[in-house]
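Okay, here's what each chain looks like letter by letter:
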Amino acid sequence: DEQKADYKARIKALLKARDAVLVAHYYTDPEIQALAEETGGCVSDSLEMARFGKTHPAKTLIVAGVKFMGETAKILSPEKTVLMPTLEATCSLDLGCPADQFSAFCDAHPDHTVVVYANTSAAVKARADWVVTSSIALEIVEHLDSQGKKILWAPDKHLGGYINKQTGADMLLWQSACIVHDEFKTRALMDMKALYPDAAVLVHPESPASIVEMADAVGSTSQLIKAAQTLPNKRLIVATDRGIFYKMQQLCPDKEFVEAPTAGEGATCRSCAHCPWMAMNGLKAIYESLTADELQPHEIHVDPALAEKAMVPLNRMLDFAE
Ligand code: CIZ
Ligand code: SF4
């Protein structure tokens, strides 16, 4: 409507005036992803967001996603100003892995190589040997396993369990979960498959093992988008955040995408197939981040000593991914 068009026009002007670029995650709302595309920014998974932010010449990055993505951008580009639509957008995996408890876990297992998911705080990353995103986790663990390393994995238990099963590596798992993916329900998915026997099932491995077992394709957001394009099925049942439908529908206009079921009938679910923190990245919030002042802070700061430590395992991942 009119107000949205007004915000978009203002944001576009401010992006230019401030030499800023908008980087949006696949889980943000469709209009945010569209705006990032229209303004020469990027829409992607957290690995590509990190790479784009690091290499793009803009002075300022607006990161539409959750806090760890803004922190990662700042760690990799300390000279850039990193703004977020809201500093309140966190992640249940980040919250579920406090740095002090994690550090004690590492201290108790000094013979293990520490591999942490990107969905963690800068302090947790600073303690890690490797940072991984879901699109590269499997390859990196395979690499470490082939060197005979024992692995301490944090924080997502489902992704860790999936990788453990695939690689047979010696892994100790931290026990946190994503509140969005953890909600997908096996029985209801069986019913949905019976209803749509022609459909393929796409699953992000942050989902429970029983859901992963029903998948035709398992992978990170970018890998699932690829699977949507290559699988012959016209109908796809998708177990990840529905924000991803924007890109899937754009690339496969003649296919139908169905949300995998979350809670049973009548049940309530606070995060049904859409991350409540990703949802905080609205047009108004983006506009406000570009007009922020001391009273309404939007800038990401990471303690420089911590950032210097966290940069090492992050760059190790980016170098490995090359
Ligand atoms: O669930 C997330 O936050 C994901 C999949 C992030 C990413 O893009 O790796
Ligand atoms: Fe975290 Fe899950 Fe939200 Fe991703 S979708 S940011 S893993 S809570």
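About the cut-offs
Residues numbered from 1 in each chain as written. Chains lettered and ligands numbered in written order. Predicted model: local features only at pLDDT ≥ 70, side-chain atom pairs only at ≥ 80, totals over all residues. Near = placed C-beta within 6 Å. Nonpolar A, V, L, I, M, F, W, Y, C, P; charged D, E, K, R; others polar. Domains from an automatic or database assignment. Contact = placed C-beta atoms within 7 Å. Helix = DSSP H or I, 4+ residues; strand = E, 2+ residues; numbered from the N terminus. Pairing = 2+ DSSP bridges. Axes fitted to C-alpha atoms, helices over the stretch in contact; angles between N-to-C directions. Parallel < 35°, antiparallel > 145°, perpendicular 65-115°, else oblique. Left-handed = near helix turned anticlockwise from the far one by under 90°.

Draft legend 1. Representation of the site of ligand 2 in the model. In the region of ligand 2, 14 residues are neighbours, and C91, S92, C178, V180 and C275 sit closest. Considered class by class, the residues forming the shell around ligand 2 number 10 nonpolar, two polar and two charged.

Draft legend 2. Representation of the domain arrangement of the protein. As far as domains go, the protein holds domain 1 (2-89 + 278-301), domain 2 (93-173) and domain 3 (181-259). On a C-alpha basis, the centres of domain 1 and domain 2 stand 28 Å from each other. Contacts between the two partners involve eight residues from domain 1, matched on the other side by nine residues from domain 2. Put simply, the parts of the chain that give the side of domain 1 that touches domain 2 at least two residues each are α3 (46-55) and α4 (67-76). For the side of domain 1 that touches domain 2, the element with the highest residue contribution is α4, accounting for five residues.

Draft legend 3. Spotlight on the sheet that holds strand β6 (residues 130-132). Read across the sheet, four strands follow the order β6-β5-β7-β8 without closing on themselves; strand pairing throughout is parallel. Both outer strands of the open sheet, β6 and β8 (171-173), are each paired with one neighbouring strand and no more. Strand-to-strand twist across the sheet, computed as the mean angle between neighbouring axes with direction ignored, equals 25°. Where strand β7 (residues 151-154) and β8 come together, three bridges link them in parallel fashion. Within β8, the position partnered with I151 by the bridge is M171.

Draft legend 4. View of the packing of helix α8 (residues 137-146) against helix α9 (residues 157-167). Running from N to C, α8 and α9 cross one another at 50°; their axes reach a closest spacing of 10 Å. Here α8 is positioned oblique relative to α9, judged by the angle of their axes. Read as a crossing pair, α8 and α9 show a hand that is right-handed. Contacts between α8 and α9 involve A137, L138, V141, E142 and D145 from the first element and L159, I163, Q166 and T167 from the second. Split into classes, the residues belonging to the contact of α8 with α9 amount to five nonpolar, two polar and two charged.

Draft legend 5. View of the sheet that holds strand β11 (residues 235-239). Read across the sheet, four strands follow the order β10-β9-β11-β12 without closing on themselves; strand pairing throughout is parallel. At either end of the open sheet lies a strand with only one pairing partner, and these are β10 (217-218) and β12 (256-259). Where β11 meets β12, four bridges bridge the pair, whose relative direction is parallel. Of the residues in β12, the one forming a bridge with V238 is E259. The strands touched by helix α12 (residues 221-230) within the sheet are β9 (200-203), β10 and β11, with β9 carrying the most contacts at an inclination of about 165°.

Draft legend 6. Fine view of the packing of α3 against α4. Put simply, α3 and α4 touch, their axes get as near as 9 Å, and they point 35° apart. Crossing of α3 against α4: the hand is right-handed. Across from S46, M49, A50, G53 and K54 in α3, the residues of α4 making contact are M69, T72, A73 and L76. Considered class by class, the residues forming the contact of α3 with α4 number five nonpolar, three polar and one charged.

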